[in-house]
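# Commentary on secondary and tertiary structure
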Amino acid sequence: MSQSNLFVDIGHSAVKWRTLDSEVFSQSVDKFSEKSLPDNQSVWLSAVAHSQIVEAINMKFSDVEVVKSLSHFGSLTIAYKEPLDLGSDRFLAMLGALKHFPNRNLLIIDVGSALTIDVVNDSGEHQGGLIMPGLEAIRGSFAKFATNSKNLNSSNLQSSTDEAWLSGTQAMFISSIKDQITTYETEQPDGIVTLTGGSVRSLISELPETVNYFDNLVLDGLESYSKSMG
């Protein structure tokens, strides 16, 4: 039986995967088992953490390609002098965005354990990016109010300290994303804004309608990479 492609994204807090024709599956890293992955696959993998999971996948499958960031790939040229300093998740998210919107000015926002923002121009040249704490990191940053809650409810004024902290950190987090989008769309009125990541579904209603949501641009980038490599 011939092998089919399996795309795996190992982030800081979750492992996500899909085949060419499947939905995206996800497990938290503390509950993930390589046994959850379908058998008889050629694996294309991005990993920014958890080397033990990479090793377990290497033990399960005979054909595993761990993708690293490259200075040039296809139409994409990254801005970093040392390509390996750029996380493979950001590299692949850019490839994924270019797959959907070739030859366009792009703002790529990935909402995960960290909030990453990258800009690519219509020639495929990476202009650089930003990394900010994700919502959970922000909420754990002040010991007096620290919580690991990822809930998104309301940014309105609250009448208890716990709720005020949740709403305040949410307001700060969403304002940061909105500010990046507004600034970008002012500077690049023909630009495309893409949004991806584990927390984005609950953010969509609070962001401009011009934002293009994708379930997982890293997996899209892995698929694009695999096709280019043959």
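To keep things clear, this report deals only with the structure shown in the data block. (Residues numbered from 1 in each chain as written. Predicted model: local features only at pLDDT ≥ 70, side-chain atom pairs only at ≥ 80, totals over all residues. Heavy atoms only, no water.)

## Examining the packing of aromatic side chains
The tally for this structure, following the rule as stated, stands at 9 aromatic pairs. With a centroid separation of 6.0 Å and 65 degrees between ring planes, the pair formed by Trp 44 and Tyr 225 is classed as edge-to-face. Of this pair, Trp 44 sits in strand β4 (residues 41-47) while Tyr 225 sits in helix α5 (residues 217-228); the two residues are 181 residues apart in sequence, bridging distant segments of the chain. An identical accessibility class is assigned to Trp 44 and Tyr 225; each is buried. Seen in terms of ring centroids, Phe 142 and Trp 165 are 6.2 Å apart; in terms of plane orientation they differ by 65 degrees. Their pairing is edge-to-face. Here Phe 142 is found in the loop between α3 (135-139) and α4 (161-187), whereas its partner Trp 165 is found in helix α4, with 23 residues between them in sequence. Using a relative accessible area of 43% as the deciding quantity, one classes Phe 142 as partly exposed. (Phe/Tyr/Trp six-rings, centres within 6.5 Å; stacked < 30°, edge-to-face > 60°. Helix = DSSP H or I, 4+ residues; strand = E, 2+ residues; numbered from the N terminus. Buried < 20%, exposed > 50% of the residue type's maximum accessible area, 1.4 Å probe, protein only.)

## Here we look at the sheet that holds strand β1 (residues 4-10)
Here 5 strands make up an open sheet; going across it, the order is β3-β2-β1-β4-β5 and the pairing mixed. Lying at the two open borders of the sheet, with one neighbouring strand each, are β3 (25-28) and β5 (64-66). On average, each strand axis in the sheet is tilted by 20 degrees relative to the strand beside it, whichever way the strands run. Bridge count for β1 against β4 is 7 bridges, and the pairing is parallel. From the neighbouring strand, Leu 6 faces β4, where its bridge partner is Val 43. Packing against the sheet, α5 makes contact with β1, β2 (14-19), β4 and β5, and its axis sits at approximately 140 degrees to β1. (Pairing = 2+ DSSP bridges. Axes fitted to C-alpha atoms, helices over the stretch in contact; angles between N-to-C directions. Contact = heavy atoms within 4.5 Å.)

## Examining the side chain of Asp 89
Within the element layout of this structure, Asp 89 appears in helix α2 (residues 88-100). Notably, Asp 89 is buried but unbridged: the nearest opposite-charge side chain belongs to Arg 90, and the N-O separation is 6.0 Å. What Asp 89 contacts, discounting residues up to four positions off in sequence, is Ser 46, Val 48 and Val 218. (Lys, Arg positive; Asp, Glu negative; His and termini not counted. Salt bridge = Lys/Arg side-chain N within 4 Å of Asp/Glu carboxyl O.)

## Concerning the sheet that holds strand β11 (residues 192-196)
Strand order across the open sheet formed by 5 strands is β10-β9-β8-β11-β12, with mixed pairing between neighbours. If you trace the sheet from one side to the other, it starts and ends with β10 (126-133) and β12 (212-213), each paired once. In the sheet, strand β8 (residues 106-111) pairs with strand β9 (residues 114-120) via 6 bridges, with the strands oriented antiparallel. In the strand pairing of β9, Ile 109 is matched with Ile 117.

## So, the environment of Ile 78
Along the chain, the position of Ile 78 falls in the loop between β7 (76-77) and α2. In contact with Ile 78, not counting residues within four places along its chain, are Leu 70, Ser 71, Pro 83, Leu 86, Phe 91, Met 94 and His 126.

## Details of the pattern of salt bridges
Applying the stated rule across the entire model yields 6 salt bridges. Across the pair Arg 90 and Asp 118 runs a salt bridge whose closest N-O atoms are separated by 2.6 Å. Of this pair, Arg 90 sits in helix α2 while Asp 118 sits in strand β9, and the two are 28 residues apart along the sequence. We classify Arg 90 as buried; its relative accessible area is 6%. Asp 118 gets classed as buried once you look at its relative accessible area, which sits at 2%. Its salt-bridge partner being Glu 223, residue Lys 99 comes within 3.4 Å of it at the nearest N-O pair. With Lys 99 in helix α2 and Glu 223 in helix α5, this pair connects stretches of sequence that are 124 residues apart. Exposure remark for Lys 99: the relative accessible area of 35% places this residue in the partly exposed category. Taking the relative accessible area as the measure of exposure, Glu 223 reaches 8% and is therefore buried. Sharing partners across several salt bridges, the network here consists of Arg 18, Lys 99, Asp 220, Glu 223 and Lys 227.

## Description of the nonpolar core
Looking at soluble globular proteins, one finds that nonpolar side chains tend to be buried together. Of all hydrophobic cores here, the largest spans 25 residues; its most connected members are Leu 76, Phe 91, Leu 92, Leu 106, Ile 108 and Tyr 225. Of all the secondary-structure elements, those providing two or more residues to this core are α2, β8 and α5. For this core, the element with the most residues is α2, which contributes 7 residues. In this view, Tyr 225 contacts Trp 44, Glu 65, Val 67, Leu 70, Phe 73, Phe 91, Leu 92 and Leu 95; residues no more than four positions away in its chain are not counted. Ile 138, Val 200, Leu 203 and Val 211 belong to the second-largest nonpolar core, a separate cluster that totals 19 residues. (Core = buried A, V, L, I, M, F, W, Y, C linked by side-chain atoms within 4.5 Å.)

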